[in-house]
Amino acid sequence: MVHVSATPVLALRGVSKRFGAVQALTDVELEVHAGEVVALVGDNGAGKSTLVKTIAGVHPIDEGVIEWDGKAVAVNKPHDAQNLGIATVYQDLALCDNIDVVGNLFLGRELKRRGVLDEVEMERRSRELLETLSIRIPSVRIPIASLSGGQRQVVAIARSMLGEPKLVILDEPTAALGVEQTAQVLDLVERLRERGHAVILISHNMADVKAVADKVAVLRLGRNNGVFEVKTTSQEEIISAITGATDNAVTRRAARSNAEAQK
Amino acid sequence: MSIEKTDKPHAAVDAPAAAGDASVAIDPRLLVREQGFAGYISEFKRKMRAGDLGATPVVIGLIVICAIFQSLNSAFLGAENLNNIFVAMVATGMMSVGIIFVLLLGEIDLSVGSVSGVSAAITAVMSVTHGVNEWVAVLAALAAGAVIGALHGFFFARIGAPAFAVTLAGLLFWNGFMLQILGSNGTINIDSDGVVGKLTTYYFSDVAAAYGLALVAVAAYFLTAFLGNRRREAAGIPSRPMSELVLRTALLAVAAFGVAIMFNQYKGLPLAVLLFAIVLVGSDFVLRRTSYGRKIFALGGSVEASRRAGINVTAVRVSVFAVAGLFAAVGGLFWASKIAAANQSAGSGDLLMNVIAAAVIGGTSLFGGRGRTWNALLGVLVITSIQYGLALQGIATPIQYMITGGVLLATVVIDSVTRKTQKSAGRA
Ligand SMILES: Nc1ncnc2c1ncn2[C@@H]1O[C@H](COP(=O)(O)OP(=O)(O)OP(=O)(O)O)[C@@H](O)[C@H]1O
Ligand SMILES: [Mg+2]
C-alpha cells in the first residue's frame, strides 16, 4: 500500500444535494488522502458527477460538511475550490470552442505582464506542459473546436494540472480516449499519486479502476454503497455493489475480513 | 482476466520515453507551417478553404462598391466625398464598437439607437437650456449612457430576462425619455464651436498631423509585432516569418498614408477620425490583450465553461452592456455634432439597423465569440459608402434601405455559411 497521512485532504460528511424534486445525493461520506487514488463508481445517474460538482463548487451542497485538511470549509463557487487546490476535469469538458488551446488552458488564471496578457509565456508553458504529458495536438494556437474528442479530453486534463493542485478530480477522463491515450491518462494518474497528490477518479471501466485506484467508493442512487480496498476486492464484489445485487452490508464485511486476513 | 488488465498499465508506465520520442518525430497530420513567404500563402489558402474568411469578403466588397460608384460618378473617390464619408461614419462606428462587445457575448442590444438620442438630448438640455458647462454636460451624457446600459445588463444578467426583450423595452422607454426631456419645441440647436460641435467640424489643418498619425500607426504596428516576434523566438516558440511582418506593415503603410494624403487634400485630419482610431485601437487592445477581454470571448464560447473557470459571469455581462450604453452615448454626441442639434428624430430610423449591420458586415459573428472591433470600421465604411454613393447619384432613401438590407442579408448568409464550413472543417 502507498502510505497515506492520517488526516484526509478532503472529507465529505453527510453531504446531500437536491435538484428540485430530484434527490441527487443523500448523506454521502467520502475520504481522500494525499497520495491516494480513490475511484468513484456507480451506475448511470448514481450521482457521481453531481458529487464532483459539489466538491468543485459548481453546485453548492444543501446539507453536510466538506472538510479540507481536517477543517470544515465553505465551497460555494468554483473559485473557492480552486483556491483550496482542487482541480476538476468535468465529464462535459467545459472548454470554450472559440478560444485556442493556450487560452483554454489558462482560462480564469491568465498570466499577465504589466497588466497585459502574457501570450508568449502562456504559450511556452502550455507547450512544456503538453510535452511532459506527451500530449500530441496539431498546434497550441488552434481553437478547441478543431480538436478531436480525445484531444479535447487531454487538453481538459492538462488544464487541471496547471498550478499544482492538491486534489485532482477526473470525471470519466478516459471515456473518449483511444487505447494509447487511455494508458497515458492512467500513467498520469499514477504520476500524480507518486507526487503526493490526491486523486478522485470516476470511471465505468473496472479494468482502469483496478489498475490505478487504491480504494473504490461505490455510489448507488445517490447514497454510499460501500468503500473497498482495490487490492483485496474482486471485480464481482464491486459490480454487485454498483448494481445492488447483493446485500451491501455483507459485501462490506466480506471486504473487511478479507483485508484483515491478508495482513 | 483482471490480472491481465492490471498488467497493462504497468507496461505503459515505461512508455513515456517512447511516447516522448514519438512526439519529437513530426506527426504527419499536423499542419506545420512552411517557413517564409510560401508558408504564409499556403496557410492563407488553407484558412480560406476551411471557411476562415476573416475580413476578406468585406475588403473585396468595399473595393467592388468603390469601383461601381467611381464608374458612375468620378466625384466618389474625390477627397471631399471620401472625407465626408470618413467623418459621417464615426457616429455609427462608435456605436458599432459597443454593439460588438455585446455580439461577442452572443447577445444583442436593441436600445443603442434610443440611448444615443438620450445622450444628445441630455447634453443639449444641460448645456443649451440650462447653461451648464458643456464638458460637464458631455460627461453627464456619457455617464447616463453607461448607467442605462448597466441597467439593461442587470435585468439580463441578474434577473435572467432575455437581452433581446430587455433592450427592446429599452428602445421604447429611452426614446420616450428623450422626447420628454427635449420638451415641447423638440429641437435644440447646438453651438457648432462648442465641445460637441467641434467633434465633427474640427480639422487638424497642418499636413503634419495626418502624416504623423499614419507614421506613428505604422511604426507602432511594426515595433509591437517585431518585438513580440523577438520575445517568441527567445522563448523558443513559433514566430511569424519576417517577410510576413514586412508585408503586413507595407499593406498598413499603403492604407494609412493613402488615407492621410486624401485628408490633406481636403481640410486635414478630422478630429472625429482621430478619436475613432483611438477608440478602435483601445478597444481592440482591451478585447485581445487583457483578461477582461478574454472573459468576454470565453462567455461567447461557453457560459458554463466560463463559470467553472471562476469567471464572474454576471459582472462581465453587466459591464459589457454598460460598455454598449457608453458607446451609444458617444455615438449620440457625434450624431448631434453632425446635425448641430439634438432633435426628436435622433437615434431613430435606420440608425440601430446600421449599427448592427456594420458590426455584422465587418465580420462579427451573430453567434457570439468571434469578432474584433476593427470589424466596426470595415462595416461602417461599407454602409456609409453605399449611402454617400447613392446620394451622389441622387437615388432616394427607399432604394438605399433596400440595398443596405441586401448587403446585410448577404453578410449574414456569409456568416452562417462560414460557420457551417467551419463546423465541417472542425472549427465552429
Ligand atoms: N443540473 C441538474 N439539474 C437537475 N437534475 C440533475 C442535474 N444534474 C444532475 N441531475 C440529476 O442527478 C442525478 C445524478 O446525476 P449525475 O450526473 O451525478 O449521474 P452520474 O453518476 O454522473 O451518471 P453518469 O454515469 O451517467 O455520468 C440524475 O438523476 C440527474 O438527473
Ligand atoms: Mg457523470
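Our subject is the structure that appears above.
Here we summarise the structure given alongside this text.

Conventions and cut-offs
- Residues numbered from 1 in each chain as written.
- Chains lettered and ligands numbered in written order.
- Predicted model: local features only at pLDDT ≥ 70, side-chain atom pairs only at ≥ 80, totals over all residues.
- Heavy atoms only, no water.
- Contact = heavy atoms within 4.5 Å.
- Buried area = accessible area lost by both parts, 1.4 Å probe.
- Salt bridge = Lys/Arg side-chain N within 4 Å of Asp/Glu carboxyl O.
- Polar contact = N/O pair within 3.5 Å; in protein donor to acceptor, adjacent residues only side chain to side chain.
- Helix = DSSP H or I, 4+ residues; strand = E, 2+ residues; numbered from the N terminus.
- Nonpolar A, V, L, I, M, F, W, Y, C, P; charged D, E, K, R; others polar.
- Donors = N, O, S within 2.8 Å, 3.2 Å for Na, K, Ca; no water.
- Buried < 20%, exposed > 50% of the residue type's maximum accessible area, 1.4 Å probe, protein only.
- Phe/Tyr/Trp six-rings, centres within 6.5 Å; stacked < 30°, edge-to-face > 60°.
- Lys NZ or Arg CZ within 6 Å of the ring centre and 35° of its normal.
- Expected span 1.5 Å × (residues − 1).
- Axes fitted to C-alpha atoms, helices over the stretch in contact; angles between N-to-C directions.
- Parallel < 35°, antiparallel > 145°, perpendicular 65-115°, else oblique.
- Pairing = 2+ DSSP bridges.
- Near = heavy atom within 4 Å.
- Areas by Shrake-Rupley, 256 points an atom, 1.4 Å probe, with all protein chains shown as cover.

### Comments concerning the interface of chain B and chain A
When the parts of a complex come together, some accessible area is lost, and that lost area is often used as the size of the interface.
Inference 1: Counting residues at the interface gives 41 residues for chain B, matched by 46 residues for chain A.
Inference 2: Summing both sides of the interface, chain B and chain A together bury roughly 3,800 Å²; the carbon and sulfur share of this comes to 60%.
Inference 3: For the chain B face of the interface with chain A, the top three residues by lost area are R231(B), R294(B) and R308(B), together amounting to 21%.
Inference 4: Among the salt bridges present, the one from R231(B) reaches D118(A), with a minimum N-O distance of 3.1 Å.
Inference 5: At the boundary of chain B with chain A, the tally comes to eight residue pairs in polar contact (both at pLDDT 80 or more).
Inference 6: Within the residue set of the side of chain B that touches chain A, elements represented by two or more residues are α1 (2-13), α2 (15-24), α10 (207-234), α12 (271-289), α13 (291-301) and α14 (303-308) of chain B.
Inference 7: Considering each element in turn, the side of chain B that touches chain A owes the most residues, seven residues, to α1(B).
Inference 8: Looking at the side of chain B that touches chain A, its residues break down into 17 nonpolar, 13 polar and 11 charged.

### Digging into the coordination of the magnesium ion (ligand 2)
Residue and element names in this part refer to chain A.
Inference 1: For the magnesium ion (ligand 2), every protein donor is listed as S49 (OG) and Q91 (OE1), and the spread of their distances is 1.9 to 2.1 Å. Here S49, found in helix α1 (residues 48-55), pairs with Q91, found in the loop between β6 (86-89) and α3 (101-105); they are 42 residues apart in sequence, far enough to count as distant.
Inference 2: Here S49 falls in the buried class, since its relative accessible area comes to 19%.
Inference 3: Overall, Q91 belongs to the partly exposed group, its relative accessible area being 39%.

### Looking at the pattern of salt bridges
Inference 1: Here the structure, examined in full by the defined rule, presents 27 salt bridges over all chains.
Inference 2: For the salt bridge of R141(A) with D100(A), the shortest nitrogen-to-oxygen distance reads 2.8 Å. One end of the pair, R141(A), is in the loop between α4 (119-132) and α5 (149-161); the other, D100(A), is in the loop between β6 and α3, with 41 residues separating them in the sequence.
Inference 3: In the salt-bridge network here, residues are joined through shared partners; they are D100(A), E119(A), E123(A), R127(A), R141(A), R232(B) and R294(B).

### Regarding the packing of aromatic side chains
Inference 1: Summed over the entire model, instances satisfying the criterion amount to nine aromatic pairs over all chains.
Inference 2: A centroid spacing of 5.8 Å and a plane angle of 80° characterise the contact between F154(B) and F155(B), whose relative ring orientation is edge-to-face.
Inference 3: Assessed through its relative accessible area of 36%, F154(B) is described here as partly exposed.
Inference 4: In textbook terms, an aromatic cluster arises when at least three aromatic residues are bridged by ring pairs, as seen for F173(B), W174(B) and F177(B).
Inference 5: Sitting over the face of the ring of Y90(A), R308(B) holds its NZ or CZ atom 4.1 Å from the ring centroid.

### Things to note about helix α17 (residues 374-392) of chain B
Along an α-helix, a turn takes 3.6 residues, which lines up residues three or four apart on a common side.
Residues and elements named next belong to chain B.
Inference 1: With 19 residues, α17 should cover 27 Å at 1.5 Å per step; its first-to-last C-alpha distance of 27 Å lies within 8% of that length.
Inference 2: Buried residues dominate α17, accounting for 14 of its 19 residues.
Inference 3: Positioned one or two residues after α17, G394 has a phi angle of 70°, which is positive.

### Section: the packing of α13(B) against helix α15 (residues 313-339) of chain B
Relative orientation and spacing of two packed helices are given, respectively, by the angle between their axes and the distance between those axes.
Residues and elements named next belong to chain B.
Inference 1: Interaxial distance between α13 and α15 falls to 10 Å at its minimum, and their mutual angle equals 100°. Put simply, α13 runs roughly perpendicular to α15. Packed against α13, whose contacting residues are Y292, K295, I296 and L299, the element α15 presents V313, V316, R317, S319, V320 and V323 at the interface.
Inference 2: When grouped by side-chain class, the residues that make up the contact of α13 with α15 number seven nonpolar, one polar and two charged.

### Topic: the environment of G186(B)
Residue and element names in this part refer to chain B.
Inference 1: Within the secondary structure layout, G186 lies in the loop between α8 (163-182) and β1 (187-189).
Inference 2: Judged by its relative accessible area of 1%, G186 is buried.
Inference 3: With 77 residues separating them along the chain, G186 and F263 place their C-alpha atoms 35 Å apart.
Inference 4: Beyond its immediate sequence surroundings of up to four residues, G186 is in contact with A342, N343 and Q344.

### Things to note about the pairing of strand β2 (residues 22-32) of chain A
Both faces of the sheet carry side chains from a regular strand, because those side chains alternate between them.
Residue and element names in this part refer to chain A.
Inference 1: In terms of strand pairing, strand β1 (residues 10-19) meets β2 through seven bridges, oriented antiparallel. Across the sheet, R18 pairs through a bridge with Q23, a residue of β2.
Inference 2: If you look at the hairpin formed by β1 and β2, you'll find two residues sitting between the two strands, and G20 has a positive phi there, around 55°.

### Some thoughts on the side chain of T249(B)
Residue and element names in this part refer to chain B.
Inference 1: With respect to the helices and strands, the residue T249 is situated in helix α11 (residues 242-265).
Inference 2: According to the relative accessible area criterion, T249 is buried, its value standing at 9%.
Inference 3: Within polar-contact distance, the side chain of T249 engages the backbone oxygen of L245 at 2.7 Å.

### Description of the site of ligand 1
All names here are of chain A.
Inference 1: Lining the immediate surroundings of ligand 1 are 14 residues, of which G45, K48, S49, T50 and H204 lie closest.
Inference 2: In this structure, A46 approaches ligand 1 through a main-chain N or O atom, which is 3.2 Å from an oxygen atom.
Inference 3: S49 has a polar side-chain atom sitting 2.7 Å from an oxygen atom of ligand 1.
Inference 4: Protein chains bury 63% of the 630 Å² of accessible surface belonging to ligand 1 in isolation.

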